[in-house]
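Architecture and fold: a report
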Amino acid sequence: MTPTEILSLPISGAMKAKKHIPVVGDFVAVLQDEKTATQMIVSILERKNCLSRGGAGESAGEQVLAANIDTVFIVTEPGHDFSIPRLERYLLIIRSSGATPVIIFNKSDTCDDMSEFLSQVKSELGEIAVIPISALNNTGLEQLNSFLAPGKTVIFLGSSGVGKSTLINTLTGTTVQKTGEIREDDGKGRHTTTVRHLVSLPSGSCLIDTPGMREIRIWTAEESVQDAFEDIAKFSQGCRFSDCTHEQEPGCAVRQAVEEGEISAGRLERYKKLLKEAAFERGKAEIGLKRFEKIRYKGISQLANEYREKKKWDAYR
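Residues numbered from 1 in each chain as written. Predicted model: local features only at pLDDT ≥ 70, side-chain atom pairs only at ≥ 80, totals over all residues. Heavy atoms only, no water.

Some thoughts on the nonpolar core
In terms of nonpolar packing, the biggest core is built from 43 residues, with Val72, Ile94, Val121 and Leu157 touching the most fellow members. Among the elements that take part in this core, helix α2 (residues 84-97) stands out by supplying seven residues, more than any other. With 20 residues, the next largest nonpolar core counts Phe73, Leu144, Leu148 and Ile168 among its residues. (Core = buried A, V, L, I, M, F, W, Y, C linked by side-chain atoms within 4.5 Å. Buried < 20%, exposed > 50% of the residue type's maximum accessible area, 1.4 Å probe, protein only. Helix = DSSP H or I, 4+ residues; strand = E, 2+ residues; numbered from the N terminus.)

So, in structure tokens, the structure goes:
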């Protein structure tokens, strides 16, 4: 997208060789040679930030979703899609990027009382902007205006069927994205958006729609896990051991906080699970998936051998 037109251009051979592939939201340098009628992308400008997750499925490494993002709208709805663990995962990859997260409760008109959902988000996820709207009925959208200032870029994340494309169509006033029906039994929808797509608003802001995300691997967002669970980090300062894992160690202030109702047991379990996942993703990033799996299974094999040796000696006793 240029100030005058939208172009469809290839990337240079040098960029392909180095695997420098632009993503939605990137700013690029374009070579235009009138003599040879050459037009191509030759460079990617330095990114302010990028939003990424661990590669989906069996793929390893980082998958960059978009670049130069100011705000991320996490779109959910007060029904089948609502999930605190999923929202936590979104928040981790967003905070790791440095962008500002905002939770959008679309289809609020389908819920008689939103207060239960809003209070649950506040108690489990802390202070974060939460905005109930109805894109279909065009209500509550004025609350989004402060995030749609000129020069700002907003990306929409969420499951299929929560109304991301409907919301973008409402904000742009045109049908730029296809929309589809959702199944009534489980609230799931088809992937009407199949690629990440950027559109501009008359205000000068840009919107990026994304396909529904079935898998949210948190890549190497280990520091973000600590930031997202500040309450647990605060209590852990009172643990007897500085490297306390909050499992069976004596003098664990975090487990005591759970027993006293200061922290929910579910929140602590999610924290430990996310830390393990972040450490696993970091290991993959540092030494590669195949080598990581080899080391992992070698350790399991050693434990199995030690166990067999112990059983053999126990039999002689």
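Focus: the side chain of asparagine 106
Assignment of secondary structure puts asparagine 106 in the loop between β6 (100-105) and α3 (115-125). Judged by relative accessible area, which is 3%, asparagine 106 ranks as buried. In contact with asparagine 106, not counting residues within four places along its chain, are Val75, Thr76, Glu77, Pro78, Ile133, Ser134, Ala135, Val162 and Gly163. (Contact = heavy atoms within 4.5 Å.)

Focus: the sheet that holds strand β5 (residues 71-76)
Strand order in the open sheet formed by six strands is β7-β6-β5-β8-β10-β9, with mixed pairing between adjacent strands. The outermost strands of the open sheet, each flanked by one partner alone, are β7 (129-132) and β9 (197-200). When strand polarity is set aside, the average angle formed by the axes of neighbouring strands in this sheet is 25 degrees. Direction of pairing for β9 relative to strand β10 (residues 206-209): antiparallel, over a ladder of four bridges. From the neighbouring strand, serine 200 faces β10, where its bridge partner is cysteine 206. Taken strand by strand, α3 contacts β6 and β7, and its axis lies near 155 degrees from that of β6. (Pairing = 2+ DSSP bridges. Axes fitted to C-alpha atoms, helices over the stretch in contact; angles between N-to-C directions.)

Details of the packing of α2 against α3
For the pair α2 and α3, the least separation of the axes is 11 Å and the interaxial angle reads 55 degrees. Judged by the angle between their axes, α2 and α3 are oblique. In this structure, α2 meets α3 at a crossing whose hand is right-handed. Here Ile84, Leu87, Glu88 and Leu91 of α2 come into contact with α3, specifically with Gln120, Val121, Glu124 and Leu125. Partitioning the contact of α2 with α3 into residue classes produces five nonpolar, one polar and two charged. (Parallel < 35°, antiparallel > 145°, perpendicular 65-115°, else oblique. Left-handed = near helix turned anticlockwise from the far one by under 90°. Nonpolar A, V, L, I, M, F, W, Y, C, P; charged D, E, K, R; others polar.)

A closer look at the pattern of salt bridges
This structure, assessed with the given rule, holds 11 salt bridges. With its nearest N and O atoms 2.6 Å apart, the salt bridge here joins aspartate 70 to lysine 48. With aspartate 70 in the loop between β4 (62-67) and β5 and lysine 48 in the loop between β2 (38-44) and β3 (50-54), the pair connects residues that are 22 residues apart, well separated along the chain. The exposure class of lysine 48 is exposed, given its relative accessible area of 54%. (Salt bridge = Lys/Arg side-chain N within 4 Å of Asp/Glu carboxyl O.)

As for the environment of valine 23
The topology assignment puts valine 23 in the loop between α1 (13-17) and β1 (28-33). Apart from residues lying up to four places away in sequence, valine 23 is in contact with Arg47, Val64, Ala66 and Ala67.

Considerations on the environment of valine 121
Within the secondary structure layout, valine 121 lies in helix α3. Here valine 121 falls in the buried class, since its relative accessible area comes to 1%. On a C-alpha basis, the gap between valine 121 and isoleucine 84 in space is 7.2 Å, while along the polypeptide they are 37 residues apart. The contact partners of valine 121, leaving out residues within four places of it in the chain, are Phe82, Ile84, Leu87, Ile103, Phe105, Gly126, Ile128 and Val130.

Limitation: the analysis is restricted to geometry and does not speak to function.
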